[in-house]
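The residues making up each chain are set out below.
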4 protein chains.
Amino acid sequence: MKAALLVRKGHVDLQEFPEEKIKTPDEALVQLDALSICRTDLEIIHGPTPTKKMPIVIGHEGSGTILEVGENVDHVKPGDHVLIDPNSYDLTCPTCRKGLTNLCPNGGLLGRDGDGVFREKFATHARNFFRIPDSIPVPIRPMIQQLSTTVHALNQIRIEPGHSVLVLGLGVTGLLLVQLAKLKGAYVVGTSTLPGKLELGRKLGMDAAIDRAKVELVPSVMALTERRGVDIAIETSGLPQLQRMAVETLAPGGTLLQFGVSGEETSYSLTDAYLRELIFKASRSSQPRDFVEAIELVGQGKIDLEYLVSGVVPFDHVAAAIELSRDRVKILKIVMLLNT
Amino acid sequence: MKAALLVRKGHVDLQEFPEEKIKTPDEALVQLDALSICRTDLEIIHGPTPTKKMPIVIGHEGSGTILEVGENVDHVKPGDHVLIDPNSYDLTCPTCRKGLTNLCPNGGLLGRDGDGVFREKFATHARNFFRIPDSIPVPIRPMIQQLSTTVHALNQIRIEPGHSVLVLGLGVTGLLLVQLAKLKGAYVVGTSTLPGKLELGRKLGMDAAIDRAKVELVPSVMALTERRGVDIAIETSGLPQLQRMAVETLAPGGTLLQFGVSGEETSYSLTDAYLRELIFKASRSSQPRDFVEAIELVGQGKIDLEYLVSGVVPFDHVAAAIELSRDRVKILKIVMLLNT
Amino acid sequence: MKAALLVRKGHVDLQEFPEEKIKTPDEALVQLDALSICRTDLEIIHGPTPTKKMPIVIGHEGSGTILEVGENVDHVKPGDHVLIDPNSYDLTCPTCRKGLTNLCPNGGLLGRDGDGVFREKFATHARNFFRIPDSIPVPIRPMIQQLSTTVHALNQIRIEPGHSVLVLGLGVTGLLLVQLAKLKGAYVVGTSTLPGKLELGRKLGMDAAIDRAKVELVPSVMALTERRGVDIAIETSGLPQLQRMAVETLAPGGTLLQFGVSGEETSYSLTDAYLRELIFKASRSSQPRDFVEAIELVGQGKIDLEYLVSGVVPFDHVAAAIELSRDRVKILKIVMLLNT
Amino acid sequence: MKAALLVRKGHVDLQEFPEEKIKTPDEALVQLDALSICRTDLEIIHGPTPTKKMPIVIGHEGSGTILEVGENVDHVKPGDHVLIDPNSYDLTCPTCRKGLTNLCPNGGLLGRDGDGVFREKFATHARNFFRIPDSIPVPIRPMIQQLSTTVHALNQIRIEPGHSVLVLGLGVTGLLLVQLAKLKGAYVVGTSTLPGKLELGRKLGMDAAIDRAKVELVPSVMALTERRGVDIAIETSGLPQLQRMAVETLAPGGTLLQFGVSGEETSYSLTDAYLRELIFKASRSSQPRDFVEAIELVGQGKIDLEYLVSGVVPFDHVAAAIELSRDRVKILKIVMLLNT
């Protein structure tokens, strides 16, 4: 079978790869039908993120159809459509025992810490496969993995209807966070320097849009909130200067949720955090419960993912798909389909 | 009657002051019986903290006996012993409406934003008086106000029995936080550079003491927690370098609670916060519910405050009391008694 | 001025009533512009609910314009449009100190425990007036009080997007709860025996409707939820048989929220509650924070109240308005307008 | 090897049983060192609780030493001392995906739904073994399983220092709940009709004891709480009349936590639940996180279990051990030791 291997930094090749088989009675084997590319993949391929081995099969967003299940597997059967949870965790360390599987110190991510899902077939512990309703179109299925990480982020905080939420950065995750905050009844303000993203955000439900190329962020937020500031600011760029602005926009008792990440340090004023009793939270990856919720939301039609698909290409053209994905202005997600 | 007035920075005088009276049917009049001095008072008297006017009656920790109540007042009656809540809040701004009276933008603190309680009699809205059981000795009553701020801090987070809690800095608030964390069943680690404070912390229930004058903090915490780090770190000094160390000691999913405050900036690594999905919280002042809880804890004998009393002097010697309070190594709290 | 007085059970008269004035510097005086009738009013007028005195001015849902404010009042000024919070609470009992003003044992409801708001002018502590944006049409303003009670109910529980919520009974509160659950991203199922209410519920966002006149409730819910049951069931009728059915529809770990109330007893199986680890919660009235949230939701256009207005009559015809309100099949809310 | 089999209702025989072996690379094999008997075992042996098969190895409270681990097992190694989690769950159903493994519809309990742990050796998925510090004495180790169920119960609610907690019934679980509530800083009231249990409860930290053989429960609770009632009542008997009394003792906004279970129905007044906005919760079994917490609490010396051991007998005398356990007045727990 074919697999997309990172052979050295910057070089992905579609190569023949050993046929995949079930190794234990707890595993299931999947025929992949759709794959999508994430910013993390680009950081692995072109950026500074190291992999545990090289060459390595890349990719962590994939969906498919169950071909075969081990004898202990009950919750999926051949023919079922599934989403892959690309996270591993040991379930026995103190962190997993507390339910924080996303923080397992012995865990890892497919396509970085082990061979990923950009291939024709894939077998793993059946626990990592989540059933998807047939009604969800194939091309959007793999992107539900990324949705699960934004679902996880919002499960870290409490958003009530009427709360004001500022989303900084309207890339794929920013736009998903806009949709989710809107779904929770929030008054959602989005900000970007790209007019196209602001327009798209409005279509997805943003109550207000702030174009940072034209106006100052903090005074604009204050004007929209009767000078109180927002209850919640979600920062998706990982840029320290944006994060500092995000802190300034918070109302007393407000929460900054940091979604994006960069290698840099940020700083803030202790006095400021004290006077407004601020809360800072970070969010990383997702847990099984977030997958269940993300699939439900797409299945119930509450979250639309179609608009994210900026291009669909055959898996054979994985190198072109990766190249397209590097355009962060015009491309949101590239989906690859397999001959199924 | 007599009152302690800050006449200019660094100078407190005991002076004659106009007799206090009830001004509305919602007010009550109190005869003060005990007063205590807080670090915030010292920052007002000697430090950079500005006051709204000058001269101003100082002080915000006081207890007394009700002399007279307005006709609308039901919950206290003449003869009742009460603690004073020195915080004002308007109850009608959006922040108060959400229950965050401690963050009211129109609020203030007695002894800084208005005349304080270091005087013989004091009248205000009866809502600010909380009944104290007679069984609590007079000298420790005013200190329950400070306890309420540490109760508030721990109400910002969830501590379960068995959680590990690191308290950085063992001044008055650090020691109270040790007691409260212990009361919640936590495994409490305290750290200081003063052997006397570490010894006192152990007597108050610390499970482990780390003398930063002798050993490195972070490796010591890791050794105590099987290399996981602590679930919660509470920083009471407001020093950026201590806060950075506190962050390093956190387990995956851990929380840093910032109690102390200074005028400085601190910085942290975005990547680090992301990888361990950390939570940072600040705590400011206290709310009415925290007063109720603090009084209950002292009344039920669950929190001991006696050890805090490093000296008792008559109110007439307020200047000496303030001078004594400046010794942060040997003095915890100085209490002033009135001739009642 | 005129006021609607309950002179004896079943008899409401529009009578001359002493002019209203500000009595303390904390009060404000309002010119009423709109009033609405609630089921509780009907229970006071025709039903078993006793009043603290007789005759008594009835009514607790009212909005108006500020005419005059006492000297201590800052948050509203003459000309402001306001909603009245008809609940009183002392703010000094242990229950209020914990923030549970809606459960204050010394509290009461206007129009039942004291003279109500069905009159031309009304003065009370300004804290009980909440500013309403001018953009909200006058006839729907008084109904925001009722909305606040359903906001309070949903604040008792945690609804996440994708959660399944069953609403039993589609009267005014049931329909509001449908809207709010929908606003929180839930998959909302409504049930009634009235086809008109089911149709209205669908228009307001119900994902599924169960006509209990035609099908069995419990099997229908199970069929809709892949045999899991719902995460949350909200019972608004107060009928024991419906409540028992509601319990049967719950998924493992599910919550029954009881909104309606009757004088009857209900029973449930201890074993059943244990096996599924069920949670039962009740909800009563609302708190200031719920008023803030309800006004925000209507002001932001997230909750529509227009459809509730089944009739608008002049205040002079209060007796007819009450009579109309007794038709629970065809009438949702009757609003009375004053000559303003 | 020997195993204790229930051969028919009421008859337990120690018989030869096939040697136990590791069946998959995920399993571990344990040599049992201590076993304890729970009320659930007695209901299986003598009472109405059915088993999935017969004969069946009984027992679900056991500890031991790891003999051998499968190749995938990292978190325990030969020689480690472990506690057995006797619950099974599939980790793939929607209930488990939400973290509610204790409510898994496909789950079961060892000794009832499959062969139990009253035997010399036992192998299962290594995930079900939790490491125990060597410092914990052997005889108390198996009882930590029962402690985990009370830890789980208290994790269903929020107890803050100073909260008042009433525990109804002072059997093994009642006494453990007293200890845990005390550990969380609560004001703990216990009630029983047995003076010996009340005395024991006092030694374990109860602030007040109510002897229901001598005084009425509800008025006694009201007298202890300044007529407010308790914040939390925990009912451990499962008797409807006690549960009804428990409801009467609740303060406004109070919570009834139902720990015990019987086959009966209970009833309550809808109006009463509404007026005080009560919360009813049930608790069932425990989750992995509760095992971690229970082991930590015993390891840190925060929870004492020694007093529970009413008798220690060799495993060969399992029939006598069961007989002794039926005396609910004088016997708390009987522990059986194996020749290790």
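Conventions adopted
- Residues numbered from 1 in each chain as written.
- Chains lettered and ligands numbered in written order.
- Predicted model: local features only at pLDDT ≥ 70, side-chain atom pairs only at ≥ 80, totals over all residues.
- Heavy atoms only, no water.
- Salt bridge = Lys/Arg side-chain N within 4 Å of Asp/Glu carboxyl O.
- Helix = DSSP H or I, 4+ residues; strand = E, 2+ residues; numbered from the N terminus.
- Buried < 20%, exposed > 50% of the residue type's maximum accessible area, 1.4 Å probe, protein only.
- Least-squares fit on C-alpha atoms with pLDDT ≥ 70 in both.
- Contact = heavy atoms within 4.5 Å.
- Pairing = 2+ DSSP bridges.
- Polar contact = N/O pair within 3.5 Å; in protein donor to acceptor, adjacent residues only side chain to side chain.
- Buried area = accessible area lost by both parts, 1.4 Å probe.
- Domains from an automatic or database assignment.
- Nonpolar A, V, L, I, M, F, W, Y, C, P; charged D, E, K, R; others polar.
- pLDDT = per-residue confidence, 0-100.

A. Molecular detail of the pattern of salt bridges. All names here are of chain A. Enumeration according to the criterion identifies 76 salt bridges over all chains in this entry. A salt bridge links Asp-115 to Lys-53; the nearest nitrogen and oxygen atoms lie 2.7 Å apart. Of this pair, Asp-115 sits in the loop between strand 8 (108-109) and strand 9 (121-125) while Lys-53 sits in the loop between helix 1 (39-45) and strand 4 (56-57), and the two are 62 residues apart along the sequence. On the accessibility criterion, Lys-53 (37% relative accessible area) is partly exposed.

B. Fine view of the relation of the copies chain B and chain C. Each copy superposes on the other: chain B lies on chain C with an RMSD of 0.0 Å after a rotation of 180° and an axial shift of 0.0 Å. Both chain copies can therefore be described as sitting about a two-fold axis. The position closest to the rotation axis in chain B is occupied by the C-alpha of Gly99(B), lying 3.5 Å away. Both copies share a contact surface, since 100% of the interface residues of chain B are interface residues in chain C too.

C. Highlighting the sheet that holds strand 2 (residues 11-16) of chain D. Residues and elements named next belong to chain D. The three strands are arranged 2-1-4 in an open sheet whose pairing can be described as antiparallel. Here the strands that pair on one side only, and so sit at the sheet edges, are strand 2 and strand 4 (56-57). Relative to strand 2, strand 1 (residues 2-8) runs antiparallel, the two being bridged by six bridges. For Ala-3, the partnering residue across the bridge sits in strand 2 and is Gln-15.

D. Fine view of the environment of Ala181(C). Residue and element names in this part refer to chain C. Secondary-structure assignment places Ala-181 in helix 4 (residues 172-183). Along the backbone, Ala-181 and Gly-62 are 119 residues apart, and their C-alpha atoms lie at a distance of 25 Å. Ignoring anything within four residues of it in the chain, the contact list for Ala-181 reads Leu-154, Ile-159, Val-165, Ala-186 and Val-188.

E. Representation of the relation of the copies chain D and chain C within the structure. Superposing chain D onto chain C takes a rotation of 180° combined with a translation of 0.0 Å along the rotation axis, leaving an RMSD of 0.0 Å. Looking at chain D, 100% of its interface residues are interface residues in chain C too, so the copies touch through the same face.

F. Geometry of the side chain of Ser286(A). Residue and element names in this part refer to chain A. Positionally, Ser-286 belongs in the loop between strand 17 (279-282) and helix 9 (288-299). Ser-286 sits in the buried class, given a relative accessible area of 1%. Side-chain polar atoms of Ser-286 contact the side chain of Ser-148, separated by 2.9 Å. Discounting residues that sit within four places of it in the chain, Ser-286 has contacts with Asn-87, Asn-102, Ser-148, Thr-149, His-152 and Phe-291.

G. Fine view of the interface of chain B and chain C. Counting residues at the interface gives 13 residues for chain B and 13 residues for chain C. Summed over both partners, the interface of chain B with chain C buries about 1,400 Å², with 56% contributed by carbon and sulfur atoms. Along the contact surface separating chain B from chain C lie zero salt bridges. On the surface where chain B and chain C come into contact, there are eight residue pairs in polar contact (both at pLDDT 80 or more).

H. Expanded view of the domain arrangement of chain A. Residue and element names in this part refer to chain A. For chain A, the domain assignment lists domain 1 (2-146 + 286-337) and domain 2 (157-282). Summarising the inter-unit geometry, the C-alpha centres of domain 1 and domain 2 are found 29 Å apart. At the junction of the two partners, domain 1 supplies 13 residues and domain 2 supplies twelve residues. Contact with domain 2 buries surface across domain 1, with Gln-146, Tyr-307 and Leu-332 losing the most and accounting together for 43% of the total. Between domain 1 and domain 2 we count zero salt bridges in total. At the junction of domain 1 and domain 2, the tally comes to three residue pairs in polar contact (both at pLDDT 80 or more). For the side of domain 1 that touches domain 2, the per-class residue count stands at seven nonpolar, one polar and five charged.

I. Molecular detail of the interface of chain D and chain C. Contacts between the two partners involve 42 residues from chain D and, on the opposite side, 42 residues from chain C. A combined buried area of about 3,500 Å² lies between chain D and chain C, and 53% of that area is made up of carbon and sulfur atoms. Contact with chain C buries surface across chain D, with Leu270(D), Tyr274(D) and Glu277(D) losing the most and accounting together for 21% of the total. The tally of links between chain D and chain C comes to four salt bridges. Its salt-bridge partner being Asp231(C), residue Lys98(D) comes within 3.4 Å of it at the nearest N-O pair. Connecting chain D to chain C are 23 residue pairs in polar contact (both at pLDDT 80 or more). Those elements giving two or more residues to the side of chain D that touches chain C turn out to be helix 2 (94-97), helix 7 (240-248), strand 15 (250-258), strand 16 (265-269), helix 8 (270-275) and strand 17 (279-282) of chain D. Class assignment of the residues belonging to the side of chain D that touches chain C gives a composition of 16 nonpolar, 16 polar and ten charged. Both strand 17 (residues 279-282) of chain C and strand 17 of chain D contribute to a ladder of three bridges, which runs antiparallel. In the strand pairing of strand 17 of chain D, Ile279(C) is matched with Lys281(D).

J. Looking closely at the confidence of the model for chain A. Residues at a pLDDT of 70 or more form 100% of chain A, whose mean pLDDT is 95. Taken together, the chains of this predicted complex give a pTM of 0.93 and an interface ipTM of 0.93.

K. Summary view of unusual backbone geometry. A cis geometry characterises the amide bond from Met54(A) onward to Pro55(A), with omega recorded as 0°. By the element assignment, Pro55(A) lies in the loop between helix 1 and strand 4. With a phi close to 50°, Glu277(A) is a non-glycine residue in the positive phi region. Residue placement: Glu277(A) occurs in the loop between helix 8 (270-275) and strand 17. Taking relative accessible area as the criterion, Glu277(A) reaches 5% and is therefore assigned buried. Positive phi values are uncommon outside glycine, yet Ser285(B) reaches one of about 55°. Looking at the secondary structure, you find Ser285(B) in the loop between strand 17 (279-282) and helix 9 (288-299).

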